[in-house]
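So you can see what is in the structure, the chains are spelled out below.
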Amino acid sequence: MDLTYTEEEREFRARLRAWLGKVLPELPARPSPDDWPGRRAYDLGWQRRLYDAGYAGLHWPVDAGGRGATPTQHLIFLEETERAGAPYVGANFVGLLHAGPTIAAEGTPGQRARWLPPVLRGDEVWCQGFSEPDAGSDLAALRTKAVREGDEYVITGSKIWTSHAEVADWCELLVRTDPQAPKHRGITWLAMPMDAPGVSVRPLRTLAGSTEFAEMFLDGVRVPVGNRVGAENDGWRVTMVTLSFERGTAFVGEVVACRRTLGALARTARANGRWDDPVLRRRLGRLYGEFGALWRLTQWNVSESARSGGVPGIGGSVFKLRYSHARQELYDAAAEVLGAAGGALSLDEEWTLDRLSSLSYTIAAGTSQIQQNIVAERILGLPKGR
């Protein structure tokens, strides 16, 4: 992995930095956290600005509508946008980071032409219909069934923890198409329109008061067979492609954000007198090293993804496992720094919301226990547990 920058990459950074300096002051005020229609409009407005400026899907393949940028350019983009405080992908993170890359890797030319341009332009939002009440960490135990009738699948079942379902246009949906097959072999990956008859959504309120997740109920929903990505009953393999993006590269921008947060914490500790505590200084110093190492691992994962045709490898599980715990440790440290000033006691404080959100990271995108199993079995070659 070459960590030096070429002249072209330095010029790319300078152009991007100049563009961000011009466009960010022109953005409207961010909507309230509980205004999801407003947040959708804000996030898609930012995506459209990226698209018009040529920065949307920067690292996507050219034949998928992207710019085919190098891994280094992709990382520069993430560094600069985070450092500038630019909006995150927000309400359409599933489309941009999970479903879109999966369709780019596994979809037919017609599917790529239909679904990828609206994602990149900021026209459509996707949600993820994977987990179920009895199929969370054991995702292959899902029960939502799809029975084929002619050119359609008729779907019955329910999903839970469906991110941004109430503002989504499409859902990347896992269904069981062969109930007699072993559980990993009877699954199919579908693109389901959220306005189809029989789809109902019930928001779930989180610990922080947000409703970014929802329950989704499917009662005889009809989805065209042409919306199937990959072969029937080959959905588990396609799902592993989706999860490799979710665990391998979808969090890379957040590492930069955490490093920025850590710097802000150090400045706050100096200002409120907490910096005199040597234990706290050691803790922040260790976290500085931790996130520096995670950034290097991120660089390696993105480079490896480019070498393997754009799909991240199982090394993403190593990153996700350590990152989710490091993020929790970061916001535990934030509570320690801010606690004396009472800054972490109110749900109106951004620090508090981030700390509560950090608690979910050891569950999201596969629990830490699942990641440990993957690392043990597929990287270290250890025997499967009983």
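Thresholds applied
- Residues numbered from 1 in each chain as written.
- Predicted model: local features only at pLDDT ≥ 70, side-chain atom pairs only at ≥ 80, totals over all residues.
- Heavy atoms only, no water.
- Helix = DSSP H or I, 4+ residues; strand = E, 2+ residues; numbered from the N terminus.
- Buried < 20%, exposed > 50% of the residue type's maximum accessible area, 1.4 Å probe, protein only.
- Expected span 1.5 Å × (residues − 1).
- Bend = angle between axes of the 7 residues up to and from the residue.
- Contact = heavy atoms within 4.5 Å.
- Disulfide = S-S within 2.5 Å.
- Core = buried A, V, L, I, M, F, W, Y, C linked by side-chain atoms within 4.5 Å.

1. Some points on unusual backbone geometry
Most peptide bonds take the trans form, and the phi angle of most residues other than glycine is negative. Of note, the phi angle at His164 is positive, near 60°, even though the residue is not glycine. If you trace the backbone, His164 turns up in the loop between β3 (152-159) and β4 (170-176). A residue is classified by how much of its surface remains accessible, and His164, at 6% relative accessible area, is buried. The backbone of Asn233 sits at a positive phi, close to 70°, despite the residue not being glycine. Relative to the assigned elements, Asn233 resides in the loop between β7 (213-224) and α6 (235-248).

2. With respect to helix α4 (residues 93-106)
The terminal C-alpha atoms of α4, which comprises 14 residues, lie 19 Å apart, in line with the 20 Å expected from a rise of 1.5 Å per residue. Along α4, the sharpest change in direction is near 40° and occurs at Ala99; proline Pro101 comes one to four residues later. When you tally the buried positions in α4, you get 11 out of 14 residues, the bulk of the element. Taken as a whole, α4 has its buried residues at Val94, Gly95, Leu96, Leu97, His98, Ala99, Gly100, Pro101, Thr102, Ile103 and Ala104.

3. Points about the environment of Pro87
For Pro87, the location among the structural elements is in the loop between α3 (71-83) and α4. Each C-alpha atom of the pair Pro87 and Arg30 lies 9.1 Å from the other, and the pair is 57 residues apart in sequence. Those residues in contact with Pro87 that sit more than four places away from it in its chain are Leu24, Leu27, Arg30, Tyr42 and Trp46.

4. Comments concerning the state of the cysteines
The tally for this structure, following the rule as stated, stands at 0 disulfides. Looking at Cys127, it has no disulfide partner, and the nearest cysteine sulfur is the one in Cys171, 3.8 Å off. Using a relative accessible area of 0% as the deciding quantity, one classes Cys127 as buried.

5. Things to note about the nonpolar core
Of all hydrophobic cores here, the largest spans 66 residues; its most connected members are Trp19, Trp46, Tyr55, Trp126, Trp189, Phe291 and Leu330. With 8 residues, the top contributor of residues to this core is helix α9 (residues 315-339). Counting 22 residues, the second largest nonpolar core, distinct from the first, contains Cys127, Cys171, Val199 and Met216.

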